[in-house]
Number of protein chains: 2
Amino acid sequence: MPAPSLNRPTPTQLDELRSLLGDPRKVGTGQAVREHHSHDFSYHRPRLPDAVVYPESTDDVRAVLEWAARHRVPVVPFGVGSSLEGHTVPLAGGISLDMTRMDAILEVRPEDFLVRVQPGVTRSRLNQRLAREGLFFPVDPGADATIGGMIANNASGTNAVRYGAMKHQVLGLEVVLAGGRVIRTGSRAVKSSAGYNLTALFVGSEGTLGVVTEAILRIYPLPEFVLAARASFPSVEAAARVAVALIRAGVPVARVELVDAPTIRAVNAYKGTRYPERPTLFLEFAGTEAAVREEVALAQELAALEEGVDFAFETEPAARERLWEARHQAALAIAAAAPGRRMMATDVCVPLSQLPAAVAFARRVAEEHGLEAAILGHVGDGNYHVTFMVDPDDPAEVRRAEAVNERIVRDALARGGTCTGEHGVGMGKVKYLEAEHGAEAVELMRALKAVLDPLGILNPGKVVGTPVPS
Amino acid sequence: MPAPSLNRPTPTQLDELRSLLGDPRKVGTGQAVREHHSHDFSYHRPRLPDAVVYPESTDDVRAVLEWAARHRVPVVPFGVGSSLEGHTVPLAGGISLDMTRMDAILEVRPEDFLVRVQPGVTRSRLNQRLAREGLFFPVDPGADATIGGMIANNASGTNAVRYGAMKHQVLGLEVVLAGGRVIRTGSRAVKSSAGYNLTALFVGSEGTLGVVTEAILRIYPLPEFVLAARASFPSVEAAARVAVALIRAGVPVARVELVDAPTIRAVNAYKGTRYPERPTLFLEFAGTEAAVREEVALAQELAALEEGVDFAFETEPAARERLWEARHQAALAIAAAAPGRRMMATDVCVPLSQLPAAVAFARRVAEEHGLEAAILGHVGDGNYHVTFMVDPDDPAEVRRAEAVNERIVRDALARGGTCTGEHGVGMGKVKYLEAEHGAEAVELMRALKAVLDPLGILNPGKVVGTPVPS
């Protein structure tokens, strides 16, 4: 199918849009705002949108999408721009649709364990509000992303081992479709078998199937007691075995993160610390105090069986923070050593038992290519990241980094895994989609895209990689 | 869009199918097998398929679907026929595709907490196999359904409050599409953000979008210690408040079921038992012994605050079974009083805080219509069932029962809930889909159906209710 032709908006069309939105301040064309909306947090090459639009209501979004369909102008939703695969880069120009003014927390229902929000609210602000009720929203990607962005790429983070990813939290959505139709999916019920799961189709669709304007999310009680622990091991395999043994024992681990030895070494160099330069497991337990004490005792026992040393734990917030410092500083340690460069983070996810071998493989590949890299593993769900810095203006360096990424992806696919556990496809993983899912499945994805966005206006070039006119 | 015209298969076409499948015993046309495949477990009117086909491999399913597309013959997948909304009734005749010969457990990977199975395996047989590894598959609808059937209607059950529904367990699928193309979705990774969530589109699609031929499922460690408890309360509200307080306290309740007073009365009449005829909460806790003991102590405390009496608990399997007997016997007590009738079970799900009022409303409506009904609530997720018996050959009785069902559904939708929490749409809930989701969302569902099944061959008349020629 040939790509439908897309247009850059003319000044007259932008004036029309300003008038449709009833307030010229909802449309920005200054260089600074366009530059701010030209990239994300990653190494992917920026591209300027022609204008940045700031909707303040679902009606505004509808007006933009009607206008965009009429003029065949691309629209790329934007939250805080913290994505890592170029999701927010407007590859074909057009409109960057900045959702941050739609940041209301519309409804908090503690007794129903749910909340209804607009997409522009950040996770930290949502959690500030929920803390008053003794509740929280668990999905915790590295950045303080917007809920809309987190829905768009099915984000997860360190809490996923216990609470699941974004797709497990979204009960319902309001979505404006290409052309301006508004639909609602799901409900306020926790469970439903009422028809095709449209909610799940939009979660992870990265702004290519519609623009989310409202979401109903599950929320959870804040645990009464939290304990952080850390231990280091003779090998990545030994550390991973402890994590699996804990899960196998039915322990509802709250967090379990692996940092490999060279990454600890980089942190020591960066912070002047003296952590043992061995594979290190960072754990968190949460629940009632008695249950947590029992869990940590079991963890200590299991760690000892695997020759874990320096087992330490803390319960006070500040002390817990210090105990986990090496985990939190890992990516920063790499970034600090490369000022002016931008981040590339691999994001494969493999079956649990494959994680140690996959991490060892990734470390070897990074070393072969002379890359200073942090390796962090969400060892409870098989997702791990190799993070390194590249100069986006050095094509040779970008190619070398992409070669490393590619070898790591191919390795994960061969192990029965996925090219992206939580960062999404964006522009960076389009090329692996067929290798992962097969041509027939990707063809079906393209057919779904064609139903929902027949003009190819929504975030062109992302996910299923509709060809983009340059 | 007019319904594509569907055909009944001719004897010659059935001979062609026998020859394609290489074994005449894979195609049955005897009256007895056709009758067995004409209905499900519910009151919905049966209809005979023209033939029953027993595929033994994905290739067989592909051959059937290619043949069916060529001749425009409907195909309706069939497991054990335990659905409750007429899912397996072949409304337009054609082929009942009996999947029970494809019942292999293809792969058990304890260290990855996943299993790969064919759709015809039943949940009890899967769990027998997993018990050897100290693992289990948690989704537990009332019947001993096949995994394929459970995927088809996104089944759940009493374990859902802790482990989620079917959609939370399915990591990947092999699906034969209408026309015979085979796709694979998902992977063996626990998390993925790699493209549109095709897996979630097929889970709950009730055989209307494709035929599942393989599934990768999450499995879990068997808990080390299990405790069942029971207490009765002055009101449904008081019982529900205890359930919510437990969840609010962060207790990972394994099961929490509510049985209302008239239902207990029916059980006493049926079994000659003397349970207090008051709203009763049935609880289960599972984990390490120390954690469970702590949880049950909290439950007892919370129950006392709500004037709960007769708090009892048991830890041995047989004693646990006895303690829960009134819960297990509730539907049977109603069924035993109405020999020869068939079951209708409502299946709405409402926000948690709405459950007591919804249950009280349902009881009132049932009484107004003179229906002897059991009311069972999955009070941890807001899903409840009103179960009563109807004579499918008495149109007035069916109409009266459907009127009760309709009032219960309208009430649930008004409370922000769904018309079906776990039984699915089948033919029984088609008429509520627009009221729940809105015309625009249902139109999108129909558009997705048209992409995946352009000839309307797959389970016609179900879910989105493609009009069926009579």
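Residues numbered from 1 in each chain as written. Chains lettered and ligands numbered in written order. Predicted model: local features only at pLDDT ≥ 70, side-chain atom pairs only at ≥ 80, totals over all residues. Heavy atoms only, no water.

The name an unreviewed UniProt entry assigns to chain A is D-lactate dehydrogenase (cytochrome), from the organism Thermaerobacter composti. Comment text from UniProt for chain A, heading Cofactor (unreviewed entry), reads "FAD". In its Sequence similarities (unreviewed entry) section, UniProt records this for chain A: "Belongs to the FAD-binding oxidoreductase/transferase type 4 family." (UniProt positions renumbered as here; feature names shortened; annotations may be inferred.)

Enquirer: Summarise the packing of helix α16 (residues 439-452) of chain A against helix α16 (residues 439-452) of chain B; cite the residues concerned and give the values.
Expert: As a packed pair, α16 of chain A and α16 of chain B sit with axes 10 Å apart at the nearest point and diverge in direction by 140 degrees. Relative to α16 of chain B, α16 of chain A is oriented oblique. Crossing geometry of α16 of chain A relative to α16 of chain B is assigned as right-handed. Listed contacts from α16 of chain B to L444, A447, L448, V451 and L452 of chain A of α16 of chain A are L444, A447, L448, V451 and L452 of chain B. In the contact of α16 of chain A with α16 of chain B, the residues fall into 10 nonpolar, no polar and no charged. (Axes fitted to C-alpha atoms, helices over the stretch in contact; angles between N-to-C directions. Helix = DSSP H or I, 4+ residues; strand = E, 2+ residues; numbered from the N terminus. Parallel < 35°, antiparallel > 145°, perpendicular 65-115°, else oblique. Left-handed = near helix turned anticlockwise from the far one by under 90°. Contact = heavy atoms within 4.5 Å. Nonpolar A, V, L, I, M, F, W, Y, C, P; charged D, E, K, R; others polar.)

Enquirer: Please set out the pattern of salt bridges residue by residue, giving values where relevant.
Expert: Scanning all chains against the criterion turns up 70 salt bridges over all chains. With a closest N to O distance of 2.8 Å, R109 of chain A and D112 of chain A form a salt bridge. The exposure class of D112 of chain A is buried, given its relative accessible area of 3%. R125 of chain B is the salt-bridge partner of D103 of chain B, the closest N and O atoms lying 3.5 Å from each other. Taken as a pair, D103 of chain B in the loop between β4 (95-98) and β5 (105-109) and R125 of chain B in helix α4 (residues 123-131) lie far apart in primary sequence, 22 residues in all. Residue classification places R125 of chain B among the partly exposed residues on the basis of a relative accessible area of 34%. (Salt bridge = Lys/Arg side-chain N within 4 Å of Asp/Glu carboxyl O. Buried < 20%, exposed > 50% of the residue type's maximum accessible area, 1.4 Å probe, protein only.)

Enquirer: Explain the sheet that holds strand β5 (residues 105-109) of chain A to me, using residue names and the numbers behind them.
Expert: Residue and element names in this part refer to chain A. Overall, antiparallel pairing links the 5 strands, which are arranged β5-β6-β10-β8-β9 in an open sheet. Every interior strand has two partners, whereas the edge strands, β5 and β9 (182-186), have only one. The mean angle between the axes of side-by-side strands here comes to 10 degrees, regardless of whether they run parallel or antiparallel. Examined bridge by bridge, β5 and strand β6 (residues 114-117) share 4 bridges and lie antiparallel to one another. Across the sheet, I105 pairs through a bridge with V117, a residue of β6. The strands that helix α3 (residues 58-71) touches are β8 (170-176), β9 and β10 (211-218); relative to β8, the one it contacts most, it runs at about 50 degrees. Where helix α4 (residues 123-131) meets the sheet, it contacts β5, β6 and β10, and its direction lies at approximately 40 degrees from that of β5. (Pairing = 2+ DSSP bridges.)

Enquirer: Outline the interface of chain A and chain B, supporting the account with residue identities and numerical values.
Expert: If you look at the interface, chain A gives 82 residues, while chain B gives 82 residues. Interface of chain A and chain B: buried area, both sides summed, is about 6400 Å²; carbon and sulfur atoms make up 59% of it. A per-residue breakdown of the area chain A buries against chain B is headed by K191, Y196 and R248 of chain A, which together make up 15% of the total. The tally of links between chain A and chain B comes to 8 salt bridges. A salt bridge links E440 of chain B to R181 of chain A; the shortest N-O distance between them is 3.5 Å. Across the chain A-chain B interface, the total number found is 34 residue pairs in polar contact (both at pLDDT 80 or more). For the side of chain A that touches chain B, the elements supplying multiple residues, two or more each, are β9, α7 (198-202), α8 (236-248), α10 (289-305), α15 (433-437) and α16 of chain A. (Buried area = accessible area lost by both parts, 1.4 Å probe. Polar contact = N/O pair within 3.5 Å; in protein donor to acceptor, adjacent residues only side chain to side chain.)

Enquirer: Please set out the UniProt feature "domain: FAD-binding PCMH-type" (unreviewed entry) in chain A residue by residue, giving values where relevant.
Expert: Under the present numbering, the feature "domain: FAD-binding PCMH-type" (unreviewed entry) in UniProt falls on residues 45-222 of chain A. From the first C-alpha to the last, residues 45-222 of chain A spans 40 Å; its make-up is 21% helix and 25% strand.

Enquirer: Describe the environment of L448 of chain A, with residues and values.
Expert: Take L448 of chain A: it is sitting in helix α16. Remark: the alpha-carbon pair of L448 of chain A and T387 of chain A, spanning 61 residues in sequence, is separated by 33 Å.

Enquirer: For the packing of aromatic side chains, give the residues involved together with the corresponding values.
Expert: A complete count under the given rule lists 8 aromatic pairs over all chains for this structure. For the ring pair F136 of chain B and Y163 of chain B, a centre distance of 5.5 Å and an interplane angle of 90 degrees mean the geometry is edge-to-face. Of this pair, F136 of chain B sits in strand β7 (residues 135-136) while Y163 of chain B sits in helix α6 (residues 160-163), and the two are 27 residues apart along the sequence. You'll find F136 of chain B and Y163 of chain B in the same group, each marked buried. Between F311 of chain B and F313 of chain B the ring centres are 6.4 Å apart and the planes differ by 65 degrees, which places this aromatic pair in the edge-to-face class. The structure contains a cluster of three or more aromatic residues connected by ring pairs, namely F136, Y163 and Y220 of chain A. A cation sits over an aromatic face here: R255 of chain A above W324 of chain A, 6.0 Å from the ring centre. (Phe/Tyr/Trp six-rings, centres within 6.5 Å; stacked < 30°, edge-to-face > 60°. Lys NZ or Arg CZ within 6 Å of the ring centre and 35° of its normal.)

Enquirer: Please set out the relation of the copies chain A and chain B residue by residue, giving values where relevant.
Expert: Between chain A and chain B, the superposition needs a rotation of 180 degrees and an axial shift of 0.0 Å, giving an RMSD of 0.0 Å. Expressed as a symmetry operation, the mapping of one chain copy onto the other fits a two-fold axis. Closest to the rotation axis within chain A is the C-alpha of A291 of chain A, separated from it by 2.5 Å. A shared interface surface links the copies, since 100% of the contact residues of chain A are contact residues in chain B too. (Least-squares fit on C-alpha atoms with pLDDT ≥ 70 in both.)

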